[in-house]
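# Coordinate analysis (summary)
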Amino acid sequence: MHETKITLIIRLNILLHIYTYNNFKLCHFAKEIQRCFSSVSTQNLEKDNQNTTSVNPDLKDDRTIPLNYRFIYPEFLPDPNPRYRNHLREKLERMDMIARRTQIDVPEFYVGSILAVTYTEPHAPGKVNKFVGICISRKGCGLRASFLLRNVIDNQGIEVSFDIYDPSLQKIDCLRLEKRLDNELFYLRDAPLEYSTFPFDMETELLPEGSSVPVNDIIVPLNPQPWLERWEQKELKGIKNIKISQNRRKKAKANAKPWEKYDLMKAYRETIPEEEQNDIFAEVQSNLRDLEIVRYKQKYTRTFVRPKKSG
């Protein structure tokens, strides 16, 4: 293993000189670096297989990329717009993301999940603050990935945006893992406050082992107009009782684009090809699997707290 690291360093230095003097393209340089690292990661993969015999068998299949990785770790996929692509920068960002995940546990969560985030706040007592809320948006890629939490405090809707890989975050807990019918829940801003209210002392709800992520099919009513956006022009499944005038109904029908769901080129421009997704996750698969094993062990070593009697 020591000789392999020395060989890898020598090869990288040679590639740096070749790139400097012969002006190779950056993408070819990044692909060559990825090929160099693949030999080392393969040896680590075989070594890890011998040390994971006593854990969940679902976490040991490291030859095939799990299909749910693209949903659990969406920030590892780069921006599909070719104007913002840079293979070397994306590879370095993935290395930083893995290094950050070894310091803080970033749980699996989706839009609609209830999260509790503990972060450093210089103006808070003890320099630490905690916010609990429902995730209404998750966006960005790489180190710029972020999510938005919403809760109601003193009858006032509060929203806080967090960067997933912000060093000021100390802890991220998923109190309730679930999905919603829509990819964004911004319409909760125009919904009654009880649909966005969650207690700060909410306990963590653990799902049974091997169960799929539940989908909360709740339908939220909207408050009377005015609204922050024209929700009738968006194809939303999680709202009901949209009472609008006939004029606004005609405009919504005129602005509708029902053909977009059949536009294959639009879907191609907004997504990363499956082959490239497999290459990306194959690069970080062993590290992600190690983190999943650690999380799996910690999940069942928590101390049991007997609930108190009510009343």
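Residues numbered from 1 in each chain as written. Predicted model: local features only at pLDDT ≥ 70, side-chain atom pairs only at ≥ 80, totals over all residues. Heavy atoms only, no water.

- As annotated in an unreviewed UniProt entry, the protein carries the name Large ribosomal subunit protein bL19m and is attributed to Polistes dominula.
- Check the Sequence similarities (unreviewed entry) section of the UniProt entry for the protein; it says "Belongs to the bacterial ribosomal protein bL19 family." (UniProt positions renumbered as here; feature names shortened; annotations may be inferred.)

### A closer look at the overall build of the protein
- Counting its secondary structure elements, the protein contains 7 helices and 7 strands.
- Looking at the protein residue by residue over its 311 residues, the buried ones come to 34%.
- Of the contacts made within the protein by residues no fewer than 6 positions apart, 66% connect residues no fewer than 24 positions apart.
- Per element, the accessible surface of the protein, about 20,100 Å² overall, is 53% carbon and sulfur. (Helix = DSSP H or I, 4+ residues; strand = E, 2+ residues; numbered from the N terminus. Buried < 20%, exposed > 50% of the residue type's maximum accessible area, 1.4 Å probe, protein only. Contact = heavy atoms within 4.5 Å. Areas by Shrake-Rupley, 256 points an atom, 1.4 Å probe, with all protein chains shown as cover.)

### So, empty space enclosed by the protein
- Scanning the model with the defined rule gives 1 cavity of 30 Å³ or more in all.
- In this structure, the largest cavity encloses a volume near 90 Å³.
- Lining the largest cavity are 14 residues, and of these Leu77, Pro78, Glu90, Glu93 and Gly142 lie nearest its centre.
- Tallied by class, the residues present in the lining of the largest cavity amount to 6 nonpolar, 1 polar and 7 charged. (1 Å grid on protein atoms, 1.4 Å probe; cavity = no way out; pocket = protein on both sides within 12 Å on 5 of 7 lines; lining within 4 Å. Points joined across faces, edges and corners; volume = space filled by probe spheres on them. Nonpolar A, V, L, I, M, F, W, Y, C, P; charged D, E, K, R; others polar.)

### Brief notes about the packing of aromatic side chains
- This structure, assessed with the given rule, holds 8 aromatic pairs.
- Ring geometry for Tyr69 and Tyr73: centres 5.2 Å apart, planes at 90°, overall edge-to-face.
- Relative to Trp231, the ring of Tyr187 lies with its centre 6.4 Å away and its plane at 85°, an arrangement referred to as edge-to-face. On the criterion of sequence distance, the pair formed by Tyr187 in the loop between β5 (169-176) and β6 (220-221) and Trp231 in the loop between β6 and β7 (239-240) is long-range, its members being 44 residues apart.
- Its relative accessible area of 3% is what places Trp231 among the buried residues.
- One aromatic cluster in this structure is built from Tyr69, Tyr73, Phe76 and Phe281.
- Above the ring of Phe109, the side-chain terminus of Arg138 is found at 4.0 Å from the ring centroid.
- In this arrangement the basic side chain of Lys179 is found over the ring face of Tyr110, its NZ or CZ atom lying 4.6 Å from the centre. (Phe/Tyr/Trp six-rings, centres within 6.5 Å; stacked < 30°, edge-to-face > 60°. Lys NZ or Arg CZ within 6 Å of the ring centre and 35° of its normal.)

### Describing the side chain of Arg180
- Within the secondary structure, Arg180 is located in the loop between β5 and β6.
- If near-sequence neighbours (up to four positions away) are discounted, Arg180 is found in contact with Val111, Gly112, Ile134, Leu185, Val215, Asn216 and Ile218.

### Topic: the confidence of the model for the protein
- The predicted model of the protein has a mean per-residue pLDDT of 82, with 76% of residues at 70 or higher.
- Per-residue pLDDT, averaged within each element of the protein, yields its smallest value for helix α2 (residues 26-49) (47) and its largest for strand β3 (residues 146-153) (97).
- For the stretch residues 19-27, pLDDT sits under 50, and the model shows 9 contacts to residues farther than four places along the chain or on other chains.
- Within the model, the stretch residues 36-63 combines pLDDT values under 50 with 38 contacts to residues more than four positions away or in other chains. (pLDDT = per-residue confidence, 0-100.)

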